[in-house]
Amino acid sequence: MKKLLTLLIGLVLGIAGTYYYLTSNENLEFMAQQPKGLISPEEIKTLDQAYNSRHTIISDSLIKTPDNRSSWYSIDEIESYIAYAKQQADSMGYTLDGLRLYAGAYPDTKEGPGLMTMFFVPTGSKKVSEGAILPTLQGGGNDLQGADGLNKGSGGEPPSANYPQ
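What you are looking at is a predicted structure, and each value in this text was computed from that prediction instead of being measured.

## Re the environment of A89
By secondary structure assignment, the location of A89 is in helix 4 (residues 75–91). As for A89 and D148, which are separated by 59 residues in sequence, their C-alpha atoms are 9.7 Å apart. Beyond its immediate chain neighbours, meaning those up to four positions away, A89 contacts Y94, L96 and L144.

Have a look at this one:
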């Protein structure tokens, strides 16, 4: 009976220790993972400054007023949009695999020229049958035509402000 009790205690402690070890390592790995494509603040400044000549041409020659340089979206807006886009892609028979960011401009009005905006479009690939034996190469990253995009972020203050704001 003592051997059985010792075995059960050892088993419970082993399971608890393994669970703790695995969950803490998963959390550390998740927290330590950096997303692909990160750039440093210096690279951000370089890209921003390299855009200056294009921005000047757009603002001075085309629309004759300072144009937007940025769009801002809250975390809640982006997370809500991702959840919505996943649901919409699923209902259309697609698997959401990303978001594409487009530069656009509002149409000119009587009040003045339309300023630049940035908007998101969901991308994905067609779902394949779960019972398929051979994998299909559907590709990914294609715009989901007919899916809703996300726009109407806030512009910079002032609209033509460079990085950082």
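Back to the write-up after that little detour.
## Thoughts on the side chain of H55
In this structure, H55 sits in helix 3 (residues 52–62). Only 3.0 Å separates the side chain of H55 from the backbone oxygen of D67, close enough to count as a polar contact.

## What about the packing of aromatic side chains?
Counting across every chain of the model gives two aromatic pairs. Residues Y73 and F120 carry aromatic rings whose centres are separated by 5.3 Å and whose planes lie at 65 degrees to one another, so their mutual orientation is edge-to-face. Placement of Y73 in the loop between strand 1 (71–72) and helix 4 and of F120 in strand 3 (residues 116–126) is noted, with a sequence separation of 47 residues between them. With 5.6 Å between their ring centres and 20 degrees between their planes, Y102 and F119 make a pair best called stacked. Here Y102, found in strand 2 (residues 94–105), pairs with F119, found in strand 3; they are 17 residues apart in sequence, far enough to count as distant. Y102 sits in the partly exposed class, given a relative accessible area of 31%.

## Observations regarding the confidence of the model for the chain
Within the chain, residue pLDDT values average 81, and 73% of them lie at 70 or more. Per-element confidence in the chain ranges from a low mean pLDDT of 62 for helix 1 (residues 2–32) to a high of 96 for helix 4.

## Things to note about the sheet that holds strand 3
With antiparallel pairing, three strands are arranged side by side in an open sheet as 2-3-4. A single partner strand is all that each edge strand has here, and the edge strands are strand 2 and strand 4 (142–143). Pairing between strand 3 and strand 4: two bridges, direction antiparallel. Bridging from a neighbouring strand, G124 pairs with N142 of strand 4. Against the sheet, helix 4 touches strand 2 and strand 3, its axis set at about 120 degrees to strand 2.

Rules used throughout
Residues numbered from 1 in each chain as written. Predicted model: local features only at pLDDT ≥ 70, side-chain atom pairs only at ≥ 80, totals over all residues. Heavy atoms only, no water. Helix = DSSP H or I, 4+ residues; strand = E, 2+ residues; numbered from the N terminus. Contact = heavy atoms within 4.5 Å. Polar contact = N/O pair within 3.5 Å; in protein donor to acceptor, adjacent residues only side chain to side chain. Phe/Tyr/Trp six-rings, centres within 6.5 Å; stacked < 30°, edge-to-face > 60°. Buried < 20%, exposed > 50% of the residue type's maximum accessible area, 1.4 Å probe, protein only. pLDDT = per-residue confidence, 0-100. Pairing = 2+ DSSP bridges. Axes fitted to C-alpha atoms, helices over the stretch in contact; angles between N-to-C directions.

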